[in-house]
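Okay, here's what each chain looks like letter by letter:
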Amino acid sequence: MGIFAIAIDGPAGSGKTTVAKKISETMGIIYIDTGAMYRAVAYYCMEKGINPKDEAGVLSVLPEISLKIEIKDNRQLIFLNGEDVTLKIRTQEIGKGASDVGTILKVREYLVDMQRELARKQSVVMDGRDIGTNVLPGAEVKVYLFADVGERAERRLNELRLMGIESDIDEIKKQIIERDENDMGRKHNPLKKAEDAIEIDTTRMTVDDVCGEIIEITKKRLGEAK
Ligand code: DC
């Protein structure tokens with residue numbers, strides 16, 4: 001089998017990361033979390049006291065940012081100027097910041113180049129907002145995941161709880177709606193389903209069922225369906 005790519009897009013909390021990780025483990029291919037790259041840029045700006053919405057401010061520090069992705073035990077680690085920030089960037093606040101820096105074209109161009117380079121030499125499952133539409137338009141499999149906002153908020157609440165962070169469900173729901181609007185409404189490569197993507201509503205579906213469906217589709221596409 002040659003090199004192939006599975007592109008998974010969808011709004012916050014639709015299950016992309018969990019599903020993509022599991023597919024990577026099952027199929028033995030690399031998982032690339034593009035959201036982590038936007039989060040790392042936002043983290044750097046916020047540490048410097050720059051508002052992620054301040055385009056001129058963000059662009060003034062962009063040349064100082066060096067990101068490195070390392071794959072260890074099939075997990076993606078992200079290094080920001082040599083520091084491992086993989087866990088630090090998982091907060092809701094940085095998620096919102098990432099959504100804001102993601103509206104800036106130059107930030108997107110910088111990160112998209114890195115993302116394409118990573119998919120050039122190896123098979124990947126990559127998740128984000130614009131993977132099927134822009135980063136890897138030739139991906140063999142494109143999937144668009146979505147779910148009810150209530151369920152997405154529950155998932156995020158549980159994820160944060162696992163990290164020891166207690167949050168308010170209504171506040172999370174509000175943040176998710178805001179983030180959807182920001183990601184779908186931006187000018188450059190907004191979140192939208194690629195025309196040739198398969199839509200899966202993950203509300204009330206198990207992770208195994210969603211992965212099973214995507215793996216089946218992939219095998220068929222690659223001409224390996226048993
Ligand atoms: O998937 P995530 O929650 O880690 O992503 C954080 C934000 O980063 C998301 O709200 C928008 C931005 N993002 C993007 O603009 N394009 C991507 N391919 C991935 C993320």
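Further up the page is the structure itself.
The structure displayed is predicted, hence computed values, not measured ones.

Q: Tell me about the packing of helix α4 (residues 92–101) against helix α8 (residues 169–185), and please be specific about residues and values.
A: At a closest axis distance of 9 Å, the pairing of α4 and α8 adopts a crossing angle of 15 degrees. When the axes of α4 and α8 are compared, the pair comes out roughly parallel. Crossing of α4 over α8 shows left-handed handedness. Within the contact between the two elements, α4 uses Q92, G95, K96, S99 and D100 and α8 uses I172, Q175, E178, R179, N182 and D183.

Q: An account of the sheet that holds strand β4 (residues 75–80) is requested, with residue identities and associated values reported.
A: Strand-to-strand pairing in sheets goes through backbone hydrogen bonds, with the strands running parallel or antiparallel. Pairing is antiparallel across the open sheet formed by 3 strands, whose spatial order is β3-β4-β5. Because the sheet does not close on itself, it has two edges, and the strands there are β3 (67–72) and β5 (83–84). Of the pairings in the sheet, the one linking β4 to β5 comprises 2 bridges and is antiparallel in character. In the sheet register, F79 faces β5, and the bridge partner there is D84.

Q: Lay out the pairing of β4 in plain terms, naming residues and giving numbers.
A: Burial analysis of β4 places 5 of its 6 residues in the buried class, the great majority of the element. Inspection of the sheet shows β3 paired to β4 by 6 bridges, in the antiparallel sense. Paired with I71 across the bridge in β4 is Q76. Between the end of β3 and the start of β4, which pair antiparallel, lie 2 residues, with D73 showing a positive phi angle near 50 degrees. Taking the residues between adjacent antiparallel strands as the criterion, β4 and β5 are bridged by 2 residues, where N81 takes a positive phi near 45 degrees.

Q: Account for the site of the ligand, naming residues and giving values.
A: As a structural note, the neighbourhood of the ligand is formed by 16 residues, with R39, R108, R179, D183 and R186 the closest of them. At 2.7 Å, a side-chain N or O of R39 approaches an oxygen atom of the ligand. Side-chain polar atom of D183 to an oxygen atom of the ligand: 2.7 Å apart, as the coordinates give it. Here the ligand loses 97% of its free accessible area of 450 Å² to cover by the protein chains. With 4 residues, the single largest contributor to the shell around the ligand is helix α2 (residues 34–47). Split by residue class, the shell around the ligand holds 3 nonpolar, 4 polar and 9 charged.

Q: Let's hear about the nonpolar core: which residues, and what values?
A: In globular proteins that are soluble, nonpolar side chains generally tend to be buried together. Formed by 40 residues in total, the largest nonpolar core has its most connected members in V41, L67, I78, V107 and L136. When neighbours within four sequence positions are excluded, L67 is seen to be in contact with M37, A40, V41, I78, F79, L80, Y110, L111 and M114. Among the nonpolar cores identified, the runner-up in size contains 18 residues, and F4, V143, I200 and V210 belong to it.

Q: Please give an account of the pairing of strand β6 (residues 124–128) that cites residues and values.
A: Side-chain direction in a regular strand flips from residue to residue, so the side chains alternate between the two faces of the sheet. With 5 of 5 residues buried, β6 is to be regarded as a mostly interior element. Neither face of β6 is left uncovered, since the one carrying V124, M126 and G128 and the one carrying V125 and D127 both have all their residues buried. Strand direction decides the pairing type here: strand β1 (residues 5–9) and β6, joined by 5 bridges, are parallel. Across the sheet, D9 pairs through a bridge with G128, a residue of β6.

Reading guide: rules and limits
- Residues numbered from 1 in each chain as written.
- Predicted model: local features only at pLDDT ≥ 70, side-chain atom pairs only at ≥ 80, totals over all residues.
- Heavy atoms only, no water.
- Axes fitted to C-alpha atoms, helices over the stretch in contact; angles between N-to-C directions.
- Helix = DSSP H or I, 4+ residues; strand = E, 2+ residues; numbered from the N terminus.
- Parallel < 35°, antiparallel > 145°, perpendicular 65-115°, else oblique.
- Left-handed = near helix turned anticlockwise from the far one by under 90°.
- Contact = heavy atoms within 4.5 Å.
- Pairing = 2+ DSSP bridges.
- Buried < 20%, exposed > 50% of the residue type's maximum accessible area, 1.4 Å probe, protein only.
- Near = heavy atom within 4 Å.
- Polar contact = N/O pair within 3.5 Å; in protein donor to acceptor, adjacent residues only side chain to side chain.
- Areas by Shrake-Rupley, 256 points an atom, 1.4 Å probe, with all protein chains shown as cover.
- Nonpolar A, V, L, I, M, F, W, Y, C, P; charged D, E, K, R; others polar.
- Core = buried A, V, L, I, M, F, W, Y, C linked by side-chain atoms within 4.5 Å.

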